[in-house]
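Here are the chains, one letter per residue:
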Amino acid sequence: QVKLQESGGGLVHTGDSLRLSCTVPEGTFRTDATGWFRQPPGKERKFVAAISWIPGDIYYEDSVKGRFTISKDSAKNTLYLQMDGVRPEDTAVYYCAAGRQMSEYPEHYDMWGQGTQVTVSS
């Protein structure tokens, strides 16, 4: 189900920063976990980061830990992914998602955005 909308992707160089944004329906943050997934060319969609409806409950995939920061602004109904120190292997279509479980598995999320392309050159 496409109910979310990502923005902020683009072409950047190694070491650059990007901030992705995702608008979510009103009330999503009160009941759902929200997160980011990415799908590199020719590969499966994989977990990046998630943030729970429980304050402070956040989880990152190991390769982005310390480089990416997930956050949300409830007043703006917006989820963010701050990407610092990007690498070529970060190149992928990035998707935001919402679901009733705090999970690293895409099948546990039932609302998705259309994706935004992030390309990192060396």
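Being a predicted model, the structure only gives us computed values, none of them experimental.

What follows deals with the environment of Y80. You can see Y80 is positioned in strand β8 (residues 78-83). Residue Y80 is classed as buried on the basis of its relative accessible area of 12%. Separated by 41 residues in sequence, Y80 and S121 have C-alpha atoms that sit 22 Å apart. Dropping the residues within four chain positions of it, Y80 is found in contact with R19, L20, S21, W36, T69, I70, S71, K72 and D73.

Attention now moves to the side chain of T28. Along the polypeptide, T28 turns up in helix α1 (residues 28-31). A relative accessible area of 5% means that T28 is categorised as buried. Setting aside its immediate chain neighbours within four residues, T28 contacts T34, A98 and M111.

On to the state of the cysteines, then. Per the counting criterion, the structure on display carries 1 disulfide. In this model C22 forms its disulfide with C96; the gap between the sulfur atoms is 2.0 Å. The chirality of the disulfide connecting C22 with C96 is right-handed, given an S-S dihedral of about 70°. Within this pair, whereas C22 is found in strand β3 (residues 18-23), its partner C96 is found in strand β9 (residues 92-99), the two being separated by 74 residues in sequence. In this pair, the class of C22 matches that of C96, namely buried.

Our next topic: the pairing of strand β11 (residues 116-121). Side-chain direction in a regular strand flips from residue to residue, so the side chains alternate between the two faces of the sheet. Of the two faces of β11, the one holding T116, V118 and V120 is buried and the one holding Q117, T119 and S121 is not buried anywhere. Across 4 bridges, the pairing between strand β2 (residues 10-13) and β11 is parallel. Bridge pairing links L11 to T119 in β11. Taken together, the 3 bridges between β9 and β11 define a ladder with antiparallel strand orientation. Directly across from V93, in β11, lies its bridge partner Q117.

Turning our eyes to something else, we now look at the packing of aromatic side chains. Scanning all chains against the criterion turns up 6 aromatic pairs. With a centroid separation of 5.2 Å and an interplanar angle of 55°, the aromatic rings of F37 and W112 are classed as tilted. With F37 in strand β4 (residues 33-39) and W112 in strand β10 (residues 111-112), the pair connects residues that are 75 residues apart, well separated along the chain. For the pair shown, F37 and W112 are each scored as buried. Pairing Y95 with W112 gives two aromatic rings, centres 6.4 Å apart and planes at 80°, and the pair type is edge-to-face. Placement of Y95 in strand β9 and of W112 in strand β10 is noted, with a sequence separation of 17 residues between them. Here Y95 and W112 have matching classes, each one buried. Geometry around Y95 places R45 over its ring, the cationic atom sitting 3.7 Å from the centre. The positively charged end of R45 is found above the aromatic ring belonging to W112, 4.8 Å away from the centroid.

Calculation rules
Residues numbered from 1 in each chain as written. Predicted model: local features only at pLDDT ≥ 70, side-chain atom pairs only at ≥ 80, totals over all residues. Heavy atoms only, no water. Helix = DSSP H or I, 4+ residues; strand = E, 2+ residues; numbered from the N terminus. Buried < 20%, exposed > 50% of the residue type's maximum accessible area, 1.4 Å probe, protein only. Contact = heavy atoms within 4.5 Å. Disulfide = S-S within 2.5 Å. Pairing = 2+ DSSP bridges. Phe/Tyr/Trp six-rings, centres within 6.5 Å; stacked < 30°, edge-to-face > 60°. Lys NZ or Arg CZ within 6 Å of the ring centre and 35° of its normal.

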